[in-house]
Amino acid sequence: MSTTDNKISVVINTYNARQHLAKVLESVKDFDEIVVCDMESTDDTREIAARYGCRIVTFPKANHKSAEPARTFAIQSAAYHWVLVVDADEVVTPELRETLYQKIQEPDCAAGFYIPRQNMFMGMFVRDFHYDYQLRFFIREGTEWPPYVHTFPQVQGRVTRLKADTKARLLHLMDEDMHEYIEKMNLYTDNEVDKKMHKGYGLGALLWRPAWRFFKKYFMDGSFRMGKRGFIRAMLAAYYQFVLVAKMMERRYREGEQKS
């Protein structure tokens, strides 16, 4: 094993990310390398990254609505064998950094790890039974990230999960207000339509997918422990599925009209 196999590159995709970036970079400054892949920000994102000594690479913004099309380019821009992908609104706890360096020393180390992430909603950290697991730590070689929102990277080798009963986690600082939440929902569902059109969702899915997602989010994931916030959060999760299926049905109707 070479010495570089024990080093970790942190990769951060950015676009106008000044709001939380300094706090994020402060939390990862003790890793071996920080690569910021910027999508032509128009604020001072790049200046903040430069102050922290980050290596900055550029991916054209074009008409991309999310960071996913730039993910593979960003990962392959890293110098070291291990890559930790961190969003520009996620803080890495000291316990997570320590755990990752311990893991890569193990002889039977997996090729990728799902990391527990704790999100915020309406001013408080979510109190779910289950963390929001993200596949963010993996070997660089051979890893590719599909260019669609809500996808995970394709890692060459065994993938496992870190335990959620420690403080080794990502803290997601983004706390959108309702207006921002709905705007992002609109963008994400637009992106997911392309990915899921082959599934042929119809009237049944328009009913059962929102109902199932509410049940899962509110009862199984534990959002009920957040009181009124939790109920709103579960309803929004259900509404996301309703909007997604409705957009898929709308596209099929319009395509059918064009053919007739």
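Residues numbered from 1 in each chain as written. Predicted model: local features only at pLDDT ≥ 70, side-chain atom pairs only at ≥ 80, totals over all residues. Heavy atoms only, no water.

> An account of the side chain of Arg117 is requested, with residue identities and associated values reported.
By the secondary structure assignment, Arg117 is in strand 6 (residues 112-118). Judged by relative accessible area, Arg117 falls into the buried class, the value being 11%. A distance of 2.6 Å separates a polar atom in the side chain of Arg117 from a polar atom in the side chain of Asp132. Each residue touching Arg117, except ones within four places of it in the same chain, is listed here: Asp87, Glu90, Tyr131, Asp132, Gln134, Arg136, Leu170 and His172. (Helix = DSSP H or I, 4+ residues; strand = E, 2+ residues; numbered from the N terminus. Buried < 20%, exposed > 50% of the residue type's maximum accessible area, 1.4 Å probe, protein only. Polar contact = N/O pair within 3.5 Å; in protein donor to acceptor, adjacent residues only side chain to side chain. Contact = heavy atoms within 4.5 Å.)

> Quick one: what's the story with helix 1 (residues 18-28), residue by residue and with numbers?
When we look at burial in helix 1, the residues that qualify are His20, Leu21, Val24, Leu25, Ser27 and Val28. All buried residues of helix 1 project into a common sector of 150 degrees when viewed along the axis, lining one side. Tucked into the core, helix 1 has its buried residues touching strand 1 (8-14), strand 2 (33-38), helix 2 (45-51) and strand 5 (90-92). (Arc of directions from axis to C-beta.)

> So what's going on with the nonpolar core? Which residues, and what values?
One finds Ile8, Ile12, Leu84 and Phe137 to be the most contacted residues of the largest nonpolar core, which totals 48 residues. Setting aside its immediate chain neighbours within four residues, Leu84 contacts Ile8, Ser9, Val10, Val11, Phe31, Val92, Leu100, Ile115, Arg136 and Phe137. Grouped together as the second largest cluster of nonpolar side chains are nine residues, Val193, Tyr201, Leu206 and Val245 included. (Core = buried A, V, L, I, M, F, W, Y, C linked by side-chain atoms within 4.5 Å.)

> Describe the side chain of Ser27, listing the residues and the values that go with them.
Inspection of the secondary structure puts Ser27 in helix 1. Among the polar contacts made by the side chain of Ser27, one reaches the main-chain carbonyl oxygen of Val24 at a distance of 2.7 Å. Contacts of Ser27, omitting those with residues within four sequence positions, involve Glu90, Val91 and Val92.

> Quick rundown of the packing of aromatic side chains? Include the residues and the values.
Enumeration over the complete set of coordinates arrives at 13 aromatic pairs. Plain terms: the ring middles of Trp82 and Phe137 are 5.0 Å apart, the flat faces sit at 20 degrees to each other, and that makes the pair stacked. In this pair, Trp82 is assigned in strand 4 (residues 82-85) and Phe137 in strand 9 (residues 132-139), connecting sequence segments 55 residues apart. Note on accessibility: Trp82 and Phe137 belong to one class, buried. Ring plane angle 85 degrees and centroid distance 5.0 Å describe the contact between Tyr218 and Phe219, whose orientation is recorded as edge-to-face. Judged by relative accessible area, which is 17%, Tyr218 ranks as buried. (Phe/Tyr/Trp six-rings, centres within 6.5 Å; stacked < 30°, edge-to-face > 60°.)

> Please give an account of a nonpolar patch on the surface that cites residues and values.
A contiguous nonpolar surface patch, about 610 Å² in accessible area, is contributed by Trp208, Trp212, Phe215, Phe219, Met220 and Phe224. Structurally, the position occupied by Trp208 is in helix 6 (residues 203-220). (Patch = residues over 30% accessible without salt bridge, like charges linked within 9 Å, V, L, I, M, F, W, Y side chains within 5 Å. Areas by Shrake-Rupley, 256 points an atom, 1.4 Å probe, with all protein chains shown as cover. Salt bridge = Lys/Arg side-chain N within 4 Å of Asp/Glu carboxyl O.)

> Any details on the pattern of salt bridges? Residues and values, ideally.
For the structure shown, the criterion picks out 18 salt bridges. Salt-bridge contacts for Glu90 lead to Arg117; the nearest nitrogen and oxygen are separated by 2.6 Å. Highlighted residues: Glu90 in strand 5 and Arg117 in strand 6, separated in sequence by 27 residues. Since its relative accessible area comes to 0%, Glu90 is described here as buried. The network of salt bridges with shared partners includes Glu68, Arg71, Asp87, Glu90, Arg117, Asp132 and Arg136.

> Report on unusual backbone geometry, specifying residues and quantitative values.
One non-glycine residue with positive phi stands out, namely Asn16, at about 50 degrees. By the secondary structure assignment, Asn16 is in the loop between strand 1 and helix 1. Relative accessible area serves as the criterion here: at 31%, Asn16 is assigned to the partly exposed category. Of note, the phi angle at Met122 is positive, near 50 degrees, even though the residue is not glycine. By the secondary structure assignment, Met122 is in the loop between strand 7 (120-121) and strand 8 (124-125).

> Summarise the packing of helix 5 (residues 178-196) against helix 7 (residues 228-259); cite the residues concerned and give the values.
The N-to-C vectors of helix 5 and helix 7 enclose an angle of 45 degrees; their axes lie 9 Å apart at closest approach. Compared by their axis directions, helix 5 and helix 7 come out oblique. The two elements helix 5 and helix 7 meet at a crossing, and its hand is right-handed. Of helix 7, the residues touching helix 5 (which contributes Met178, Tyr181, Ile182, Met185, Asn186, Tyr188, Thr189, Asp190, Glu192, Val193, Asp194 and Lys196) are Leu236, Tyr239, Tyr240, Val243, Leu244, Lys247, Met248 and Arg251. The residue makeup of the contact of helix 5 with helix 7, split by class, is twelve nonpolar, two polar and six charged. (Axes fitted to C-alpha atoms, helices over the stretch in contact; angles between N-to-C directions. Parallel < 35°, antiparallel > 145°, perpendicular 65-115°, else oblique. Left-handed = near helix turned anticlockwise from the far one by under 90°. Nonpolar A, V, L, I, M, F, W, Y, C, P; charged D, E, K, R; others polar.)

Geometric values such as these leave the question of function open.
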